[in-house]
Amino acid sequence: MIKTVFAALVLVVASAAHADVYKLDTKASTVGWTASHKVGATHTGKIAVKDGEVQTDAKGAITGGTVNIDMTTISDEDLKSNPEYQKKLVGHLSSDDFFKVSKFPTSTFKVTSVTPKSAHEVVIKGDLTIIGTTKPVEFPAKVTTDKGVMTSEATLKLDRTQWGLKYGSGNFFKELTQDKIINDDFTLSLKLVAKK
């Protein structure tokens, strides 16, 4: 019995020794967002990656990971020609109507499983926490590793109301006119770069 336990411990230690941890390169990593009104404008912007890491096994397969997103950096890209409205939009997104940034400055994604689809494609499942609410998400991603650098790219289409973001939702506020409705779905475009 003792020998069996010892052997198991040796195996665990050996596996851990061969596993790798990749730290996110926050300057090279990007998170883009796109949101739109039912009638009218579509807005695009970016949010900075705060920190995070990816864990792999001895064969290089992803076994886990965490990405922390700095919500205080949320920005708008499509209104550069109208700085006043651009500032107003960012302020509104940061307010209690939306992301409540002063109270919840960080959003977090934690990987729960990764399933290979092809040589460079995987399906990632994980828990996404926004404004203190955690919901499971699943999405395909392209992942490549070269010379100690891992790059993953993915596009997520999310229903914001699942995280309690109901402002301007026609599904919750039936009295809204078409031009005041903000679509429930929004898109995140991820490019994450991590290094050993």
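Here the structure is a predicted model, which means the values were calculated and not measured. For every chain, the first residue of the written sequence is number 1, and numbering continues from 1 onward in sequence order. Residue-level local features of this predicted model are given only where pLDDT is at least 70; pairs of side-chain atoms are given and counted only at 80 or more, and the full residue set underlies all totals for whole chains, interfaces and linings. Calculated side-chain values reflect all of the structure's heavy atoms, with hydrogen atoms and water omitted.

### Let's talk about helix α2 (residues 83-94)
Helical periodicity: at 3.6 residues per turn, an α-helix aligns residues three or four positions apart in one direction.
Next, step 1: Working definition: helices are DSSP H or I runs of at least four residues, strands are E runs of at least two. Numbering for both runs from the N terminus. Given a helix with a known number of residues, its expected span is that number minus one, times 1.5 Å. Taking 1.5 Å of rise per residue, twelve residues should cover 16 Å, and α2 covers 16 Å from first to last C-alpha, within 8% of that figure.
Next, step 2: Restricting attention to buried positions, one finds in α2 the residues Q86, L89 and L93. The buried residues of α2 occupy an angular sector of 65 degrees when the element is viewed end-on, so they sit on one face. Counted as exposed and oriented over 90 degrees from the buried face of α2: E84, K87 and K88. Relative accessibility decides the category of a residue: with a 1.4 Å probe and only protein chains considered, values under 20% of the type maximum give buried, values over 50% give exposed, and everything between is partly exposed. To obtain the arc, one takes the directions from the helix axis to the C-beta atoms.

### A look at the pairing of strand β9 (residues 185-195)
Next, step 1: Both strand β1 (residues 20-24) and β9 contribute to a ladder of two bridges, which runs antiparallel. Its bridge partner being in β9, L24 is matched across the sheet by A194.
Next, step 2: Any two strands between which DSSP finds at least two bridges are classified as paired. In terms of strand pairing, strand β2 (residues 30-36) meets β9 through five bridges, oriented antiparallel. Each bridged residue has a counterpart across the sheet, and for G32 the counterpart in β9 is S189.
Next, step 3: Bridge count between strand β8 (residues 149-159) and β9: eleven bridges; the pairing is antiparallel. Bridge pairing links S152 to L192 in β9.

### Re the pairing of strand β5 (residues 106-116)
Next, step 1: Examined bridge by bridge, strand β4 (residues 62-76) and β5 share six bridges and lie antiparallel to one another. Looking across to β5, one finds that V67 is bridged to F109.
Next, step 2: For β5 and strand β6 (residues 121-130), the ladder comprises eight bridges, and the chain directions are antiparallel. Bridge assignment links V114 to a residue of β6, and that residue is I124.
Next, step 3: Hairpin geometry of β5 and β6 is characterised by an intervening segment of four residues between the two adjacent antiparallel strands.

### Topic: the pattern of salt bridges
Pairing of side chains with opposite charge becomes possible as their charged atoms draw close.
Next, step 1: A side-chain nitrogen of Lys or Arg and a carboxyl oxygen of Asp or Glu constitute a salt bridge if their distance falls within 4 Å. Applying the stated criterion across every chain, the model contains six salt bridges.
Next, step 2: We note a salt bridge from K80 to E77, for which the minimum N-O separation is 3.2 Å.
Next, step 3: You can call E77 partly exposed: its relative accessible area is 28%.
Next, step 4: A salt bridge links D184 to R160, with the shortest nitrogen-to-oxygen separation between them at 3.8 Å. You can see D184 sitting in the loop between β8 and β9 and its partner R160 sitting in the loop between β8 and β9, a full 24 residues away along the chain. Each of the two residues, D184 as well as R160, counts as buried.

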